[in-house]
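# Remarks on the overall topology
The lines below spell out each chain.
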Amino acid sequence: MISRERILEAAARVYSKHGFRGATTRLIAAEAGVNEVTLFRTFGSKGALLDAVLEENDSCDEVDPLPDPPVDPQRELTDWVSMHLERIRHLRPMLIHAISEYEERPEVADFACRGRIDVHRHVTEYVERLHKLGLADRDADVEAAVTMLISSVMSDAMGRPMAPNTFLPPDEAAPRYVRCFLRMIGAPVSR
């Protein structure tokens, strides 16, 4: 029996490399080691198969909330940002195709944007917890700070391969983004 997971993994590899138009059912079937009839029996159509690939790779359900209550904001945020840099780097090829095909296939917007929306909410809620503990300045522009942190992470994960010299060294990126963010919200920062 051919596993649905095997087909989805093969389709994800082909989609990441070729996008929707280039991800033919013939290529996907060959990558999965099945015939095209199996793809259509399992998913119904190429569109349904690639929608299943995007759903399978939509990691927004895996967005870990930041600790409640916060104990060590600098460490907690650095670990969290590091994890998200890796997740986005892993999804980068698929995200590039989803974003570039948005006008042609608007249904990909959910895949391309939902994670960012959830991450924004998680970080904003974390800063609210910092406020309650007196660990951040209530007058800070939290919305701008959160947007800048998330934009830095997205830009780094998506743009580093194209312009590596314009980003911080990979091992310094997460801690330095977090230190800047903490300063922006008026939270304590150590070196």
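Residues numbered from 1 in each chain as written. Predicted model: local features only at pLDDT ≥ 70, side-chain atom pairs only at ≥ 80, totals over all residues. Heavy atoms only, no water.

### Regarding the overall build of the protein chain
The following threshold applies: Under the DSSP-based scheme used, a helix requires at least four consecutive residues in state H or I and a strand at least two consecutive residues in state E, with every element numbered from the N terminus. Should any heavy atoms of two residues lie within 4.5 Å, those residues are counted as being in contact.
Secondary structure assignment for the protein chain yields eight helices and zero strands. When contacts within the protein chain are restricted to residue pairs at least 6 apart in sequence, long-range pairs at least 24 apart make up 67% of them.

### A closer look at the side chain of Glu76
Going by this rule: Only protein chains enter the accessibility calculation, which uses a 1.4 Å probe; a residue whose area is less than 20% of its type maximum is buried, one above 50% is exposed, and one in between is partly exposed. His is not counted, nor are the chain ends; Lys and Arg add positive charge and Asp and Glu add negative charge. One side-chain nitrogen of Lys or Arg within 4 Å of one carboxyl oxygen of Asp or Glu is enough to make a salt bridge.
Following the sequence through the fold, Glu76 ends up in helix H5 (residues 73-100). Despite its burial, Glu76 remains without a salt bridge, the nearest opposite charge being carried by Arg75 at 4.0 Å.

### Examining helix H4 (residues 46-57)
Three or four residues apart is the spacing at which side chains of an α-helix point the same way, because the helix has 3.6 residues per turn. As a reminder of what qualifies: To estimate how far a helix should extend, the number of its residues minus one is multiplied by 1.5 Å.
Along its twelve residues, H4 runs 17 Å from first to last C-alpha, staying within 8% of the 16 Å computed at 1.5 Å per residue. Of all the positions in H4, only Lys46, Leu49, Leu50, Ala52, Val53, Leu54 and Asn57 are classed as buried.

### Digging into helix H7 (residues 142-159)
Across its 18 residues, H7 extends 25 Å between first and last C-alpha, which sits within 8% of the 26 Å expected from 1.5 Å per residue. Taken together, the buried positions of H7 are occupied by Val142, Ala145, Val146, Leu149, Ile150, Val153, Met154, Asp156, Ala157, Met158 and Gly159.

### Overview of the pattern of salt bridges
Scanning all chains against the criterion turns up ten salt bridges. Asp79 is the salt-bridge partner of Arg75, the closest N and O atoms lying 3.7 Å from each other. Taken together, the residues span about one helical turn, with Arg75 and Asp79 both in helix H5 at a distance of four residues. For Asp79, a relative accessible area of 45% translates into the label partly exposed. Overlapping salt bridges bring together Glu86, Arg89, Asp156 and Arg160 as one network.

### Let's talk about the packing of helix H3 (residues 36-43) against H4
Using the following cut-off: Every axis corresponds to a line fitted to the C-alpha atoms, with the helix fit spanning only the stretch in contact, and the corresponding angles, defined between N-to-C directions, vary from 0 to 180 degrees. Oblique is the label for any angle not covered by the other classes, which are roughly parallel (under 35 degrees), roughly antiparallel (over 145) and roughly perpendicular (65 to 115). All amino acids are sorted into three groups, where Ala, Val, Leu, Ile, Met, Phe, Trp, Tyr, Cys and Pro are nonpolar, Asp, Glu, Lys and Arg are charged, and the leftover types, Gly among them, are polar.
One can describe the packing of H3 onto H4 by two numbers: an axis separation of 9 Å at closest approach and a directional angle of 70°. For the element pair H3 / H4, the angle class is roughly perpendicular. Contacts between H3 and H4 involve Leu39, Phe40 and Phe43 from the first element and Lys46, Ala48, Leu49 and Ala52 from the second. Among the residues forming the contact of H3 with H4, the class breakdown is six nonpolar, no polar and one charged.

### Some details on the nonpolar core
Defined as follows: Working definition of a nonpolar core: buried Ala, Val, Leu, Ile, Met, Phe, Trp, Tyr and Cys residues. They are joined through side-chain atoms within 4.5 Å.
Counting residues in hydrophobic clusters, the biggest one holds 33 residues, and the most contacted among them are Val81, Val123, Phe181 and Ile185. Elements that contribute at least two residues to this core include exactly H5, helix H6 (109-132), H7 and helix H8 (170-184). With nine residues, the single largest contributor to this core is H7. With sequence-adjacent residues up to four places away left out, Val81 is seen in contact with Leu149, Val153, Ala174 and Val178.

### With respect to unusual backbone geometry
Residue Pro69 follows Asp68 across a cis peptide bond; omega there is 5°. Counting through the fold element by element, Pro69 comes out in the loop between H4 and H5.

### Here we look at the packing of helix H1 (residues 4-22) against H4
Think of two packed helices as two axes; the pair is described by the angle between the axes and how far apart they sit. Relative orientation of the contacting elements H1 and H4 amounts to 100°, with a least axis distance of 9 Å. In terms of orientation, H1 and H4 fall into the roughly perpendicular class. The residues of H4 that touch H1, namely those facing Arg4, Ile7, Leu8, Ala11, Ala12, Tyr15, Phe20 and Arg21, are Lys46, Gly47, Leu49, Leu50, Ala52, Val53, Leu54, Glu56 and Asn57. Residue composition of the contact of H1 with H4, by class: eleven nonpolar, two polar and four charged.

### Considering the environment of Ala32
Within the fold, Ala32 resides in helix H2 (residues 25-32). Accessibility expressed as a relative area gives 4% for Ala32, which makes it buried. In this structure the C-alpha to C-alpha distance between Ala32 and Leu168, which are 136 residues apart in sequence, comes to 38 Å. With near-sequence residues (within four places) excluded, Ala32 lies in contact with Arg6, Ile7 and Ala10.

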